[in-house]
Amino acid sequence: MKGTNASTPARFILLGFSNQPHLEMVLLLVVSIIYILTLMGNTAIILVSYFSPKLHTPMYFFLSNLSFLDLCFTTSIVPQMLWNLKGPDKTISYTGCMIQLYVALGLGSTECILLTVMAYDRFSAICRPLHYGVIMHPKLLRQLAALAWISGFVGSMVQTTLVFQLPICSHHTVDDFMCEEPALIKIACVNTTFLENELSIASVLYVVIPLGLILVSYGCIVRTVLRIKSAEGRRKAFGTCGSHLIVVVLFFGTLTSIYIQPKSKYTQNYSKFLTLFYTVVTPSLNPLIYTLRNKEAKW
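Reading guide: rules and limits
- Residues numbered from 1 in each chain as written.
- Predicted model: local features only at pLDDT ≥ 70, side-chain atom pairs only at ≥ 80, totals over all residues.
- Heavy atoms only, no water.
- Disulfide = S-S within 2.5 Å.
- Helix = DSSP H or I, 4+ residues; strand = E, 2+ residues; numbered from the N terminus.
- Buried < 20%, exposed > 50% of the residue type's maximum accessible area, 1.4 Å probe, protein only.
- Arc of directions from axis to C-beta.
- Pairing = 2+ DSSP bridges.
- Contact = heavy atoms within 4.5 Å.
- Axes fitted to C-alpha atoms, helices over the stretch in contact; angles between N-to-C directions.

**A few points about the state of the cysteines**
Linking two cysteines covalently via their sulfur atoms produces the bond known as a disulfide.
Piece 1. For the structure shown, the criterion picks out 1 disulfide.
Piece 2. The partner cysteine of cysteine 97 in its disulfide is cysteine 179, sulfur to sulfur 2.0 Å. Here cysteine 97 and cysteine 179 share a disulfide; its torsion about the S-S bond, -125°, makes the bridge left-handed. Highlighted residues: cysteine 97 in helix α4 (residues 94–127) and cysteine 179 in the loop between β3 (173–174) and α7 (181–186), separated in sequence by 82 residues. Each member of the pair, cysteine 97 as well as cysteine 179, carries the same accessibility label: buried.
Piece 3. Between cysteine 127, a cysteine without a disulfide, and cysteine 220, which holds the nearest cysteine sulfur, the sulfur-to-sulfur distance is 5.8 Å.
Piece 4. Cysteine 220 gets classed as partly exposed once you look at its relative accessible area, which sits at 22%.

Have a look at this one:
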């Protein structure tokens, strides 16, 4: 046992950055601005992709899914974060914490799978251009998108159920600005080896394997592009992948630093900033990255 008086709390206390009150005021302003930009940018991507006939392509079908996912992802986290940043009340209800963990885990896992599906789309477009229209037919697009969403939320349901079966120590204090699985496991009053092993398995399924598949896809893409004799042809081929690759690096780079790297290498505050980056900053950058690097998506 890690402590006594284990119970099911009515509320959790999210410490966040409460030990740095001046930083909280800065974050309140910065996160508010970024959240507004995220809502505007991703909504614009969805609307432009829907109403512009020239963007009715597999790439923009998946990009619309990604934008909708980012809207939901940030909305599941940021409003609660802003509420906690603006004043002394740092609490979240037990039910609210459970819902936030389930939704955030589900959307984060879905994004990992969706980025892998988008890499397959780019692989098909460049490595098998003559068969691209046959491979990426509308029915398959819907099936791949459904696979990403369903697999993400099924995995999240399993993880959330296991986490909230743990008896929680009496202080009910979560050393993070959101309800994340690693932070919740730390305040359990029982041996959590099983949950830690489960988290490692989930990290392999939703982070390591998708990232490996993306790297294999891009390895094939690079090999194919280097065979193109025309410099202009190579530039155009790499250009179609550049946006997606940048998003992959930003998202998986921070995600692997949090869930894969040994925790002893990082202070808790550094881990919070990494979490802040992939949950708040990255979703706001995705529309900018795609519109800057794709002429057909500019408006």
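More follows now that the structure is in view.
**Section: helix α3 (residues 78–85)**
Piece 1. Of the positions making up α3, those classed as buried are Val78, Met81, Leu82, Asn84 and Leu85. One side of α3 carries all its buried residues, which in axial view fall inside an arc of 165°.

**Remarks on the sheet that holds strand β2 (residues 91–93)**
Piece 1. Here 3 strands make up an open sheet; going across it, the order is β2-β1-β3 and the pairing mixed. Only two strands of the sheet have a single neighbouring strand rather than two, namely β2 and β3.
Piece 2. The sheet contact formed by strand β1 (residues 11–14) and β2 spans 3 bridges and is antiparallel. Bridge pairing in β2 places arginine 11 opposite serine 93.
Piece 3. Its contacts with the sheet place α4 against β1 and β2, and it is angled at close to 85° to β2.

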